[in-house]
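An overview of the molecular structure
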Amino acid sequence: MIDEEILLVLKSSNDGYVSGEELSKTAGLSRAAIWKRVESLRNEGYDIEASPHLGYRLLGVPDSLIPSEIKWSLKTRTLGREVISYKKIDSTNTAAYDMAKKGIKEGVVVVADEQTKGRGRLGRTWASPARGGVYLSCILRPAMSPGEVPKLTLAASISVAKTIREVSGLTAVIKWPNDVLINSKKVSGILLEMKAEQDRLDFVIIGIGINVNTPLKLLPKIGTSIAGELGEEISRIKLTQVLLENLEANYRLVTNGDFSKVIDEWKDLTDMLGSRIRITLPNREFEGQAIDVDSDGTLLVRLDNGFIEKIFSGDVRLLR
Ligand code: BTN
């Protein structure tokens, strides 16, 4: 808390100096104690200049997913008001699931700088090297039936695609149901998990992995990163903040019964409608033309015999 107060004063001074006296008054600590706090912030990666005559000046913040940095100027009501962060963890989804089972409240977000067992859809793994990507899991307790949960998948994918567009200017597009691609290569994936008993939904975990500054050599061939496409690194903190703001807004659309707006936006952010695709389901594989997304979020595919098939989940490959 004291550290957050010190940072708040330094950040509010518009990059100017703040005297040791002013800091000690605000934090209610001696000047020697302030010096110790500044030392510990430096160890966390904050670049703080100390001048004997002018005082302290903040020159740089660490590019690590530190809760206070994520929460700083975050414009959400509940999502990310509490952030639990790890330097390294097996999987943020596994951690968030365990926390939710123990009753942690809606809106808590678990983030990590590195995952050792990042999990993907359909039992796959998710490459999660240190400091390159954003790996986070949101704990939600929506008042909806388990059957409606796929709507949140679409809401999450438009949030990710929109965020990448806003923060980097790159044209991120969605491939049904929730892959986000740049130049036909996967930059982000979403893993939704839930706990439900019969018709009662207990909680949902929305796990999102985005390759932000990840060097391309650390990613699978079909993957890319924002920095890899843009040619320069971007702030993972900024991206996380915008993502949480977009996700909260789209989550509210779903829970307030405005899902049609999510579908409309999803259609604007995809380039697959009209394309020929191959769908892999657990028991069969077939081709067809992706024609639309239905009002419940399912994909409508026109088969070669003219029949329209409704796809609830599965793996889709674009054939073009
Ligand atoms: C996929 O496309 O297969 C989904 C990938 C989801 C990866 C994210 S990273 C944060 C969260 N924790 C995990 O273990 N998986 C999700």
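So, here is what we can say about the structure in this document. The structure presented is a predicted model; accordingly, all values stated were derived computationally and were not measured. (Residues numbered from 1 in each chain as written. Predicted model: local features only at pLDDT ≥ 70, side-chain atom pairs only at ≥ 80, totals over all residues. Heavy atoms only, no water.)

1. Quick look at the site of the ligand
- Around the ligand lies a shell of 19 residues, among which Ser 91, Gln 115, Arg 119, Arg 121 and Lys 186 are the nearest.
- The contact in question runs from a nitrogen atom of the ligand to an N or O atom on the side chain of Thr 92, over 3.1 Å.
- Take Lys 186: an N or O atom from its side chain is 2.6 Å from an oxygen atom of the ligand.
- In the complex, 98% of the free accessible area of the ligand, which totals 420 Å², lies under the protein chains. (Near = heavy atom within 4 Å. Polar contact = N/O pair within 3.5 Å; in protein donor to acceptor, adjacent residues only side chain to side chain. Areas by Shrake-Rupley, 256 points an atom, 1.4 Å probe, with all protein chains shown as cover.)

2. Some remarks on the side chain of Ser 188
- Relative to the assigned elements, Ser 188 resides in strand 8 (residues 185-197).
- Judged by relative accessible area, Ser 188 falls into the buried class, the value being 0%.
- A distance of 3.0 Å separates a polar side-chain atom of Ser 188 from the backbone oxygen of Gly 209.
- What Ser 188 contacts, discounting residues up to four positions off in sequence, is Trp 126, Val 160, Asn 178, Asp 179, Val 180, Ile 208, Gly 209 and Ile 210. (Helix = DSSP H or I, 4+ residues; strand = E, 2+ residues; numbered from the N terminus. Buried < 20%, exposed > 50% of the residue type's maximum accessible area, 1.4 Å probe, protein only. Contact = heavy atoms within 4.5 Å.)

3. Some thoughts on the packing of helix 1 (residues 2-12) against helix 3 (residues 31-44)
- Closest axis-to-axis distance for the helix 1/helix 3 pair is 10 Å, and the angle between their directions is 85°. Compared by their axis directions, helix 1 and helix 3 come out roughly perpendicular. Counting all contacts with helix 1, which are made through Ile 2, Asp 3, Ile 6 and Leu 7, the residues of helix 3 involved are Ile 34, Arg 37, Ser 40, Leu 41 and Glu 44.
- In terms of residue class, the contact of helix 1 with helix 3 is made up of 5 nonpolar, 1 polar and 3 charged. (Axes fitted to C-alpha atoms, helices over the stretch in contact; angles between N-to-C directions. Parallel < 35°, antiparallel > 145°, perpendicular 65-115°, else oblique. Nonpolar A, V, L, I, M, F, W, Y, C, P; charged D, E, K, R; others polar.)

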